[in-house]
Amino acid sequence: MKKEFDFFDREENKRRLWIFLYATCVFTLFLDLIFPREGVLGFDSFFGFYAIMGFISCALLILISKLLGIILKVDEDYYDR
Amino acid sequence: MIDSVLPGAILILGSLIVPLFKGRKKNVYMVILPAITFYLIWKLKPGTYLNFHFFGLDIIPLRVDRLSKVFGYIFSLNAFVAFIYSFWLDDDSQLLPALLYIGCSLGVVFSGDLLTLYIFWEGMAIFSTFLILARKTEKSQKAAMRYIMVHISGGLILLAGIVLFIFNTGSLVFEQMKSSDPATLLILIGFLLNAAAPPLSAWLPDAYPESTVTGGVILSAYTTKTAVYTLVRGFAGWHILVIVGCIMTIYGIIYALLENDMRRILAYSIINQVGFMVCGVGIGTEIAINGTVAHAFCHIIYKALLWMSAGSVLYMTGRSRCTDLGGLYKTMPLTLIFGGIGALSISAFPATSGFTSKSMIIEGAVHEHMIWTWIVLQVASAGVFLHAGIKFPYFVFFAKDSGLRPGETNRSMLLAMAIMSFICIFLGVYPDPLYNVLPYRVGYSAYHLEHVSSQLQLLMFSALVFFLFLPLLKRTETISIDTDWVYRRGAPLFYKIMDRGLNGLNDLCERIFILKMVGKISEFFAVAPQKIAYLLYAPFWKIRGKDVSYLRGDIFRAIDKGAMPIGLSAGSAIVFLIVIYLIL
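These numbers were taken from a predicted model, which means no experiment stands behind them.

Draft legend 1. View of the overall build of chain B. When helices and strands are tallied, chain B shows 21 helices and 3 strands. Taking 2.2 N^0.38 as the reference for a compact globule, 584 residues should give roughly 25 Å; the C-alpha atoms of chain B span a radius of gyration of 34 Å, well beyond that estimate. The burial tally for chain B puts 52% of its 584 residues in the buried class. Put simply, of all contacts in chain B between residues at least 6 apart along the chain, 81% involve residues at least 24 apart.

Encoded structure:
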């Protein structure tokens, strides 16, 4: 029997992917260092602005949706009852 | 002749002979029709008008300009690929309405007056419903019913606006709306309902996920994007649309994050993406309008691609809930790759079509120094990667091993996805063919180092947040309450309250008035003359010293038989008149 392709299930690969993710994030910050940004609106010119923007906005979106989920989430048969 | 054919007519008339074809020939025919349509649109010259007079009003079934042409291209192109996707399908109940629906949407885009637009608009609502009904499940029947009811209501609002518009201006020509009065506002509401702007948005995530595998691919493109077209045509630069658009982008993300069903995630992501476009319309400058149109163009392609990959998964596994799926990368790698390209495109990753189109809208906000709009759009851009870019592929193809080993989907579906993936990357790397057909000629390039690096930074840190917050994003077997609560739970509740309230009142009235009072009144009228006569005469009788009890029997008998002495009658009449006189 052909062995199943299970690359993403293996623990060592998962660890590698995490390292890859962190490395890419650092790399994008590194780009800021080599090519200082003028910024389109002025205030977005400082180092790592878009990193902070991406991080904070996504974290907020997840937290807000999590909080709203407490009120908004209902069982799947909610409308059939 | 060829330069004044209605593009929609090819599909609408062409659909009539679909049932005559059997087997593969039918599917080949379905693919050829949009190809012919695309060619005809290509040949149409901007500035072509076809108009005639109708009760003193100008009816313009064909108006060709750069704006209508670019929407015509993408509508026919998407139809072409969608029918390749459904090449395996031999079901007239889906194929026929699909052609009619797409034909009507082309009719809307090429109509130059509001009446023609309205007719095709309603046609779209009706024929699209069949794509939901064709799923033939109880849930889809109910969803289709709600869908058509919402769209008929929206159509009526639009019609009311159009009637008022004729009354105000004496014209039917559909151009940029100048004043904001009840007529234009009603028309705007009608358009915004189809654009799925909250709170008029719940029909979309309610109905689309219940449609068939191919139905979802087709539906995702036309209704909302014809609405975007009408907004560009009629409401460019209306500032309220900036606010509506910003709300849509965030609303779409938050609900998509809450959702469990993969096609429902994609449905909410349509609202999010259309939000960018509505915002662009609101900004209204040449670059923002170009961005809106370019984004609509690219969005149709990558969104269809995402719906195709989700459709393939649904087709192969019969499941669409994230909690039931996972680990499909093992057996559906091609679907994963194509879906992944769609996911990267919607997230506006550099080298994909989203990057070259969406950034133009954001650039429009920069040009106008709309800082808050810019911030919201950036937050939403980051959020798109979160919900559609990573969440959808992650929970369907990775996350956990669901034990499902479906295997790759059929070849026609894979081919269609490959074509769409190619276009996504092609327009991402070389967007000039698209830029050349946009409504305005604006020199714009998305590729400069600063833009690429800032976009990469934004997206990679969004990805980081997704995986760091993964425990918070665990899927639950739930749905989320949206504004459809109003008519799904609110309306029955309202009915119950009205039922209890009004029927209770009815009951009470029956008991008091019908059962009790009628008896009393008829009794009163039956004995009133006797009683009045008795009451009037008794005092006189007493004065004369006669027996009153004898009088009572006497008067009652006399009135019953109609044998009152004339003097007595005349006397009582006079007394009665005096009483009336005194009262009055």
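Draft legend 2. Quick look at the domain arrangement of chain B. The domain boundaries assigned to chain B delineate domain 1 (1-235), domain 2 (236-483) and domain 3 (488-583). On a C-alpha basis, the centres of domain 1 of chain B and domain 3 of chain B stand 68 Å from each other.

Draft legend 3. Local environment of the interface of chain A and chain B. Chain A puts 39 residues into the contact, and the matching count from chain B is 43 residues. Mapped by element, the contributors of at least two residues to the side of chain A that touches chain B are helix 1 (11-34), helix 2 (49-72) and strand 1 (73-75) of chain A. A total of 16 residues in the side of chain A that touches chain B trace back to one element, the largest contributor, which is helix 2 of chain A. A breakdown of the residues in the side of chain A that touches chain B according to their chemical character gives 23 nonpolar, 6 polar and 10 charged.

Draft legend 4. Focus on the packing of helix 13 (residues 333-346) of chain B against helix 15 (residues 371-397) of chain B. Residues and elements named next belong to chain B. At a minimum axis separation of 8 Å, helix 13 and helix 15 run at an interaxial angle of 165°. In terms of orientation, helix 13 lies roughly antiparallel with respect to helix 15. Helix 13 and helix 15 meet at a crossing whose hand is left-handed. Of helix 15, the residues touching helix 13 (which contributes Leu336, Gly339, Gly340, Ala343, Leu344 and Ile346) are Val384, Ala388, Gly389, Phe392, Pro393 and Phe397. Each residue belonging to the contact of helix 13 with helix 15 can be placed in one class, and the counts come to 9 nonpolar, 3 polar and no charged.

Draft legend 5. View of the nonpolar core. Residue and element names in this part refer to chain B. Val278, Ala304 and Leu305 are the most contacted members of the largest nonpolar core, which has 196 residues in total. Summarising the domain contributions, this core has at least three residues from each of domain 1 (1-235) and domain 2 (236-483). The contacts of Val278, once residues within four sequence positions are left out, are Ala195, Ala197, Leu231, Leu241, Val244, Gly245 and Met248.

Draft legend 6. Structural context of the pairing of strand 1 (residues 49-54) of chain B. All names here are of chain B. Where burial is concerned, little of strand 1 is hidden: 0 out of the 6 residues are buried. Of the pairings in the sheet, the one linking strand 1 to strand 2 (residues 57-63) comprises 5 bridges and is antiparallel in character. Bridging from a neighbouring strand, Tyr49 pairs with Arg63 of strand 2. Turn length for the strand 1-strand 2 hairpin, with the two strands adjacent in sequence and antiparallel, is 2 residues, and the turn residue Phe55 shows positive phi of about 50°.

Draft legend 7. Just unusual backbone geometry, in detail. Residues and elements named next belong to chain B. Going from Pro198 to Pro199, the amide bond is cis rather than trans, its omega being 5°. Assignment of secondary structure puts Pro199 in the loop between helix 7 (182-194) and helix 8 (203-207). The phi torsion at Ala196 lies on the positive side, around 60°, for a residue other than glycine. By the element assignment, Ala196 lies in the loop between helix 7 and helix 8. Residue classification places Ala196 among the buried residues on the basis of 26 C-beta atoms within 10 Å. One non-glycine residue, Ala351, lies in the positive phi region at around 80°.

Draft legend 8. Quick peek at helix 14 (residues 353-367) of chain B. Residues and elements named next belong to chain B. Helix length check: helix 14, at 15 residues, gives a terminal C-alpha distance of 22 Å against a target of 21 Å (1.5 Å per residue), a fit within 8%. In terms of burial, helix 14 is a largely internal element, 13 of the 15 residues being buried. Directly beyond the C-terminal end of helix 14, a positive phi value near 55° is found at His369.

Draft legend 9. Highlighting the confidence of the model for chain B. Model confidence for chain B is summarised by a mean pLDDT of 91, while 99% of its residues fall at 70 or above. When the elements of chain B are averaged for pLDDT, helix 20 (residues 548-561) of chain B gives the smallest value, 75, and helix 3 (residues 66-85) of chain B the largest, 96.

Draft legend 10. Quick look at the environment of B:Leu188. Here B:Leu188 shows up in helix 7. Spatially, the C-alpha atom of B:Leu188 lies 7.8 Å from that of B:Phe235, the residues being 47 residues apart in sequence.

Draft legend 11. Spotlight on the packing of helix 1 (residues 7-15) of chain B against helix 2 (residues 23-43) of chain B. All names here are of chain B. Where helix 1 meets helix 2, the axes come as close as 8 Å, and the angle between the chain directions of the two elements is 160°. In terms of axis orientation, helix 1 runs roughly antiparallel to helix 2. Every pair of crossing elements has a handedness; the one defined by helix 1 and helix 2 is right-handed. Contacts from Pro7, Ile10, Leu11 and Gly14 of helix 1 reach helix 2 at Leu33, Pro34, Ile36, Thr37, Leu40 and Ile41. Classifying every residue of the contact of helix 1 with helix 2 gives 8 nonpolar, 2 polar and no charged.

Draft legend 12. View of helix 7 of chain B. Residue and element names in this part refer to chain B. Compared with an ideal rise of 1.5 Å per residue, which puts 13 residues at 18 Å, helix 7 spans 19 Å between its outermost C-alpha atoms and is within 8% of the ideal. Within helix 7, 10 of the 13 residues are buried, leaving the element largely enclosed by the surrounding structure. Among the residues of helix 7, those classed as buried are Ala183, Thr184, Leu186, Ile187, Leu188, Gly190, Phe191, Leu192, Leu193 and Asn194. Where helix 7 is buried, its residues meet helix 6 (138-169), helix 9 (213-235) and helix 10 (240-258). Positive backbone phi, approximately 60°, marks Ala196, located one or two places after helix 7.

What counts as what
- Residues numbered from 1 in each chain as written.
- Chains lettered and ligands numbered in written order.
- Predicted model: local features only at pLDDT ≥ 70, side-chain atom pairs only at ≥ 80, totals over all residues.
- Helix = DSSP H or I, 4+ residues; strand = E, 2+ residues; numbered from the N terminus.
- Rg over C-alpha atoms; globule rule 2.2 N^0.38 Å.
- Buried ≥ 20, exposed ≤ 12 C-beta atoms within 10 Å, placed from the backbone.
- Contact = placed C-beta atoms within 7 Å.
- Domains from an automatic or database assignment.
- Nonpolar A, V, L, I, M, F, W, Y, C, P; charged D, E, K, R; others polar.
- Axes fitted to C-alpha atoms, helices over the stretch in contact; angles between N-to-C directions.
- Parallel < 35°, antiparallel > 145°, perpendicular 65-115°, else oblique.
- Left-handed = near helix turned anticlockwise from the far one by under 90°.
- Core = buried A, V, L, I, M, F, W, Y, C linked by C-beta atoms within 7 Å.
- Pairing = 2+ DSSP bridges.
- Expected span 1.5 Å × (residues − 1).
- pLDDT = per-residue confidence, 0-100.

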